[in-house]
Each structure stands twice: as C-alpha cells, then as structure tokens.
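# Structural overview
The lines below spell out each chain.
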Amino acid sequence: MIANFIDGPLWYFSQAVFAIGIIWKILSLIVGKKKSDLSVARGSSVPGAIRTIFSRFIPDKGMASHIKLQIIAGYLFHLGLFALLFFAAPHVRFLDENFLGFSWITLPHWGFIVAAQVAFLGLLLLFLHRLMHQVTRLISSTGDYLASIITFIVMLTGCLALLEEFSELRLLHRFSVEIFLIYFPFSSLMHAFTFVPSRAFTGAWFGRRGIKS
Amino acid sequence: MDALKRSSKTITSLNVNLSLLVCFIVIIFAMLSFSPVFAAEGKLGNSNTATHQLGVKSPATDLWRAVRNRDFGGSKGMSSTSQIKSLGANTFINVKGQEWRKFRQNWLLPYGGYFLVSVVGFLFFLYVVIKKVKIPNGRSGKSVSRLSTMQRVSHWFMVILIGFMALTGLLLLFGRLVAIPVLGLDGFAFVASASKESHNVFGPLVIVSLLLMLIYFIQHNWPAKGDIKWLFSLGGLLSKKHLKIGFFNAGEKLLFWFTIWLGVVLSITGLLLLFPYYEQTEAYTQLAIAIHAIAALLLIAIAFAHVWMVVTIEGTMDAMKDGNVDENWAKYHHSRWYEETTVANKALDVDAHVEEMSSSESRKEGVYQ
Amino acid sequence: MANVKFYCDSERCIECNGCVTACKNENDVPWGVNRRRVVTVKDGEPGERSLSVACMHCSDAPCAAVCPVDCFYTTDNGIVLHDKDICIGCGYCSYACPFGAPQFPESGAFSSKGKMDKCTFCAGGPEETGSAEEYQKYGANRLAEGKLPLCAEMCATKALLAGDANVVSDIYRQRVINRSMSTLASNVRIQKDFLGSSPDLTGKATK
C-alpha cells in the first residue's frame, strides 16, 4: 500500500514538481525584469561572465585563511556527492533504465564507498560548522538547515540500502529522494542550477564596468 | 626372535577360528612392533595408541589425527592443498571457529550484555541519587570563552559518529537477543542489513574524527602536576581543600586518552574487518572481531559515564554549545585555568581599549584639523 | 524422518573434483562460489589423502549459533539451511564454521559481502519447492524429486556418500570391515613369511 504509493503517484508527483519548479525558476530568471545599466561600458561583458564562472571556484585570497574548513569540507562534499550521484553503479543503472536509455563508465564499488565517505565527511563538518560558528549561526535560516538535513537523509538512506537486497530500504531511500525533489526548487538547493547564471550575471556586470573578478 | 618362534609354533598347531586368529595377531603384532621392520611404520603413524597395537586401525585414523595435529600444533609439517582458490580453501578443519563461537556465544554476549546494562543501570542510579552539582552562587551572567569553533565541531563530529557506530554496532551484536523478539525475523533483517552497511561506510570517518580530536584537544590533555592528587581524592570529593584545576581535570584527561586509544584499537581492528579478503587466514579476523567488540563496549560505557557527568554538573554543557562558560562555573571547577585565562584576557582587553582610544582620538583630531 | 549426512571416504577419493563441478553445474552457483571443494593433505608425500568437503549439516551448527539475524534453520532431515531473504552478508558464519562451508559472492576492497551461499544438500531453500525463485536463490531441490545430492550420486569412486545416516554408516562400516580383514590378511601373509606354514590363513572374513 505505502510501497505502491511511494513507487507510483508520489514518485511521479515529485518528478513533476522538480521539473516544473526548475523550469519555472530558470524562466523567471531569464524573463524577469532587469534594471538596465545606463552607464558607459568600460569593457566587454561576455569574457567577464565566462571568467567569473570559473574564477569563483578558487577561493578569494583574503578570505581563504579564515574559511579553510569551509573550503576543504565544501569541496570534499560537492566532489564526493557529484561522484556518487553520477558515477555510482546503482545510480547510473537507475538513470539508464528509467530515463536515459544509455549508460556510462561507473566507479568500482570501493570508489562508490570512498566517494560517499568523502561526501559525508564534508557535509557533517559543514553542518556542524554552520551550527557552531557564531557568525554562520546568526546568518543561517531554517531553510539552510533543512536543505543540509534533507541532503544528509537522502545520503544516509542510500548508505543504509547499500546491499540492494531489502525492498524496505530501497523504498526508504526513494521516499527521501522524493521529499528532496519536491523541496529542491523552493530552496537554496537550487544553487545546483543557478550557480552558473548567477556567476555569469555578476561577471558580466563586472566585465562591463571593467572590474576583473 | 627365538621366543617368537616358540610361541607361534604352539599356537599354529591349534585349530584356527576367527577369534583365536585375532588374539594371535594381537600378540604377534605387539611383539613385532619392537622389531626394526615395523618401527618405521610406527614412526609414520605418529602414535603408540591401542589401535595401532591392534593392527586393525582404520586407514583414515592417521589422516584425521594428522589433520587435527596440524590445526592444533601447526609444526607437524602437514600441508593441505586444494584446487579451489579461495580464502581458507586449503584448510581442512578450522578449529579456531569453534573457539570463536564459544567466545562470542558464552562469553561476549552474556558478559558484554551484563557489563553494559550494569554500567548504564549504575549511572542511572547515580543520576537519581546524586543531586545535580549546581554552580555555586548561581550563574553570574558573565561568560568566559572556553572552546573554539573547531574544538566544538570536532567534538560533535565525534559524538555523531561514535553514537551512530555504537547504535549500529550494538544492533548487530545484541540484535538477535533484543530486537528479534520485538521486530521479528523479517523486521530485524533489514534493520541489521542497514546497520551493517552504514557501519562499514561510517567506520573510516571515525579515524578522521579521532585525528580532529587529537589536533584540537591534545594541547589541554598533557598530564599536569595536580592530576595525581585529583585522581586520589576522587575528583576533590575526599580532599578538604578545593583543588585548583587547569583547563581539564584528570578525569577529563583520562576520558580523552581512553577515547583516543580505544578509538585507535577500534580503527585498526575495524579496518581489518573491512578488508576481510586481504588476510591469509580467518584467525586474524576472528581475533579482530573479539577485540573490536570488547573495545567498543568499553568505549560505549565511557561515553555513557561522560554523558552522566555533563548532565550532573550544571553549566558544563555550555562549553560545548557556544564555547562560553559561566564565570562562576569556571571559578569553581577550573580555577587555575580561569585565573590564567582572565589574566590573559585582561591584558588583551587593555590592549584593545588603548587601541580603540588612540584610534578614536586620531579620528577626532582628523575632524578638528 | 531420516537424518541425512555426507561422508567422504578418504581411501577412495581420487581428487578428481567431479563433485565440485557437478555441484556448480547443478546449482548454477556464481563465479567465486564453491559450495564443495576437495582438499588434499600431504600432497605428493607418502600417505596422501583427499577429501571432498562441503557443509556438514552439523547437528549443533556453529553458523546458526553465531548468526546475528538468526537466518539458519534445520529441516526434519537434519539439513542446515538458511534464508537468503534474512541474511545480511556479515560473514560471521564463515568465521565460526570449521569446514569453510559458507561462501560469499563478492570480494575486493570494502567488499559488501552479499548474501551467503552454501551447500543445501540439494534441498533448495525456504521458497516454494521447485519454484524458479528457489532455484535462482538456492539451486536445485533434488531431495524433493526423490534424488540425492548430485555430488555424491555422480562420484566415480563412490568415495562421497550422501543419504540417510544409518545407510551411509552401514556402507562405510562394511568397507571398514573389509579393509580390516584385508589388513589382517596381509598381516597373516607377513606372518606366514616368518613362520613358513599355516595353510588355512586366508584372512577372509567370510568363506
């Protein structure tokens, strides 16, 4: 009964919310009103946009010494998550069978586990730092905590279901993924899609003003 | 040989039936076994038991005896091979398995269980009986900075990991006794599977948390001169004078070092268990499981004691919440540290004050000029 | 019900590994899993002997005692079976088993061991008898078809015996008696060489 609901209606609903939400958010970014910049252009905006998209991967020199943990743990988490999301054999198989119809190279089992451990390490340290540091605690909203916790639960349930033998554990993982998908477009998790346009926008603006960033 | 011929002649003259034949053979064989012809076989048989003397031993007897000897002694020179290439395939009978079973079923499960239950029960008893140690004179409202952000992050990181490892580990160890009667076989099966898989994934992270703990806390945990006195007076309970204690008291230092060393033991044995196919025999794995379980039970007991201490002594938790403790708490529990830190802080404060004054003056000057 | 047992006669086993192959074929076991193996002691030395080893279906099975999820059960025939729907692949059974019977399909770093697999005495498992699911998980259920385990049935030298414990031990006892008698006979021959007489000593148990 619950199993059918999780595998059936809720699964399709969460996918629909995820897809429509993302399209709506990105469209609203493109279509939305922008203040036109009336100043005289001092430089070209396109190279600035492209440069900033990549330059923001490198932490700012002045800040780096203060936010070592955030940099290290942040990279660990995001790289680990990326590896286990798109290169773990069960995930690739799932995407192949349900959506794409093709597959690609996958990590060996140990690689999958190491990626998960790296991602867990980063996420836990970042979450605890957010909670423990006076400043980040003040500037964090409920949404920030919720996004971290939901991501953690998705990863944890996936980790519980590693043997891929018990349907209860598979359902638990899928249910947490559904919650994650529904919550995704309405939260800061959207940065997975918006970080490129956001950086491009800033970069273009800076480029036009002749600022190197 | 003369004696032999004489005795045999008298007997062979009799009418032979089967039983007499057997008797005859026994006697003959007992005598012959002293002669050089059979001495060689006696060595081969590796024994002087009654079956040998009877001479009608089963041909498999030597085989099984040798198999056992190899497993017990190891130096008997028996080698066994198999066309199947897998771990332990060459071993005929692994008697260690039976020892491991005895250890686990008759020793670890009952006594480990009693140990854990009695520790938790005792701590609960203490919690009920002993009154909370209040901060003397109440909270002052002033706070003293005690722990840095990273110190708290590494502490809570370890709490999350060890808590999770303890929960999943205990489920695997005692689940059959405790959880199966409640959840049923099928209900417990997926819980146990989840426990096993996540225990394996989170295990190596414990090593990271141990390293973080070491990096951020070792500076406060070196033995100091008041520690022995603290231990002998049971944390100041038996001493009339109030003890002056630095950043950590001896109990806290013991907690730290127990956690680190038990953590190291758990990590090494745990890693051995994570890579079971890299060992030549299963003996190491069996030993590793035994050590892992004992160390884990000790660490869990210590963790419970730690929780009880924190709950009992008011104001201790503050340090791990936002890094600051109440001034009165610091004065009472860690007076020497309080004195040191306030002296340092005052010096800092004065510096900051002077700086502030001078900068504001210069600004004023700037304005007026 | 009959109590079934395996017995391997070390005087007859010629280490042909036919039982191993038969078992793999009959039960469709995956790579790396060998429910049965032949172990040779004193290979190439005097007194070399081989024995075919698999799950011995112990009366007081160590695997069942240490299993953290209690997935083992003993049938009326005294066969020790396990439920793969419950097994979590922890490997404790393999640490307790003296015979190295429990097998695990995967290996490698961070190996998630996968569900345990072992000899079922060709008696299938807890699934419906003869179903495809039973075959896929546990292999053939020959006992339900009135047949004995294939390893024993096809043993060329009849070294490996399987079946009702009483019948197996009767057969083996008979063999032991015969061998003892031949040992006796050879001893008598030695005696005759020493004594140079005694025409009646044939050494045969029965005339």
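Model, not experiment: these values are computed from the prediction. (Residues numbered from 1 in each chain as written. Chains lettered and ligands numbered in written order. Predicted model: local features only at pLDDT ≥ 70, side-chain atom pairs only at ≥ 80, totals over all residues. Heavy atoms only, no water.)

### Section: the overall build of chain B
The helix and strand inventory of chain B stands at 14 helices and three strands. Taken across its 369 residues, chain B has 40% of its residues classed as buried. Once local pairs closer than 6 in sequence are excluded, the contacts in chain B between residues at least 24 apart make up 73%. With an accessible surface of roughly 21,100 Å², chain B has 67% of that area assigned to carbon and sulfur atoms. (Helix = DSSP H or I, 4+ residues; strand = E, 2+ residues; numbered from the N terminus. Buried < 20%, exposed > 50% of the residue type's maximum accessible area, 1.4 Å probe, protein only. Contact = heavy atoms within 4.5 Å. Areas by Shrake-Rupley, 256 points an atom, 1.4 Å probe, with all protein chains shown as cover.)

### Here we look at the interface of chain A and chain C
The interface of chain A with chain C comprises eight residues on the first partner and nine residues on the second. The three residues of chain A that bury the most area against chain C are H109(A), L163(A) and F166(A), which together make up 59% of that side's buried surface. Linking chain A with chain C are zero salt bridges, by the criterion used here. The residue makeup of the side of chain A that touches chain C, split by class, is five nonpolar, two polar and one charged. (Buried area = accessible area lost by both parts, 1.4 Å probe. Salt bridge = Lys/Arg side-chain N within 4 Å of Asp/Glu carboxyl O. Nonpolar A, V, L, I, M, F, W, Y, C, P; charged D, E, K, R; others polar.)

### Digging into the pairing of strand β3 (residues 49-53) of chain C
Residue and element names in this part refer to chain C. Along β3, four of the five residues are buried, which leaves the element largely enclosed by surrounding structure. For strand β2 (residues 37-41) and β3, the ladder comprises five bridges, and the chain directions are antiparallel. By the bridge assignment for β3, V38 is matched with S52. (Pairing = 2+ DSSP bridges.)

### Quick notes on the packing of helix α7 (residues 109-132) of chain A against helix α7 (residues 149-178) of chain B
Relative to each other, α7(A) and α7(B) sit at 130°, their axes nearing to 9 Å. The angle between α7(A) and α7(B) falls in the class oblique. Here α7(A) and α7(B) pass one another in a crossing that is right-handed. Residue-level contacts link L121(A), L124(A), L125(A), L128(A), H129(A) and M132(A) of α7(A) to T149(B), R152(B), V153(B), W156(B), F157(B), I160(B) and L161(B) of α7(B). (Axes fitted to C-alpha atoms, helices over the stretch in contact; angles between N-to-C directions. Parallel < 35°, antiparallel > 145°, perpendicular 65-115°, else oblique. Left-handed = near helix turned anticlockwise from the far one by under 90°.)

### Notes on the nonpolar core
In terms of nonpolar packing, the biggest core is built from 57 residues, with L125(A), F157(B) and F202(B) touching the most fellow members. Ranked by residues supplied to this core, first place goes to α7(A) with 12 residues. Apart from residues no more than four positions distant in its own chain, L125(A) is found in contact with L69(A), A73(A), V153(B), F157(B) and L212(B). (Core = buried A, V, L, I, M, F, W, Y, C linked by side-chain atoms within 4.5 Å.)

### Some details on a nonpolar patch on the surface
All names here are of chain B. Residues F122, F124, F125, Y127, V128, V129, I130, V307 and V311 make up a contiguous nonpolar surface patch of roughly 880 Å² in combined accessible area. For the nonpolar patch, the secondary-structure elements that each account for two or more residues are α6 (96-129) and α11 (283-312). Element by element, the count of residues in the nonpolar patch is highest for α6, at six residues. As for its position among the elements, F122 is in helix α6. (Patch = residues over 30% accessible without salt bridge, like charges linked within 9 Å, V, L, I, M, F, W, Y side chains within 5 Å.)

### Examining the packing of aromatic side chains
All names here are of chain A. Applying the stated criterion across every chain yields a total of 30 aromatic pairs over all chains. Between F18 and F184, the ring centres sit 5.2 Å apart and the planes meet at 70°, which makes this aromatic pair edge-to-face. Pair noted here: F18 is in helix α2 (residues 9-31) and F184 is in the loop between α10 (167-183) and α11 (191-209), with a separation of 166 residues, a long-range link. Residue F18 is classed as partly exposed on the basis of its relative accessible area of 22%. (Phe/Tyr/Trp six-rings, centres within 6.5 Å; stacked < 30°, edge-to-face > 60°.)

### Quick notes on unusual backbone geometry
Residue and element names in this part refer to chain C. Residues other than glycine seldom take positive phi values, yet N17 does so here, at roughly 60°. Turning to its location among the elements, N17 is positioned in the loop between β1 (4-8) and α1 (18-27). One non-glycine residue, K158, lies in the positive phi region at around 55°.

### Overview of the sheet that holds β3(C)
Working definition: the strands of a sheet are paired by backbone hydrogen bonds and lie parallel or antiparallel to each other. Reading across from one edge, β1(B)-β2(C)-β3(C) is the order of the three strands in this open sheet, with antiparallel pairing throughout. On the outer flanks of this sheet lie β1 (80-82) of chain B together with β3 of chain C, each paired with one strand and no other. Sheet twist, expressed as the mean angle between neighbouring strand axes with direction ignored, is 25°.

### Digging into the confidence of the model for chain B
Residue and element names in this part refer to chain B. Here chain B averages 76 in pLDDT, and 69% of its residues register 70 or above. Averaged pLDDT values over the elements of chain B bottom out at 38 in helix α3 (residues 36-45) and peak at 93 in α7. Confidence over residues 1-16 falls short of pLDDT 50; this stretch has 11 contacts with residues more than four positions distant or in other chains. Predicted confidence is poor over residues 71-76, with pLDDT under 50, and the contacts of this stretch with residues over four places away or in other chains come to six contacts. (pLDDT = per-residue confidence, 0-100.)

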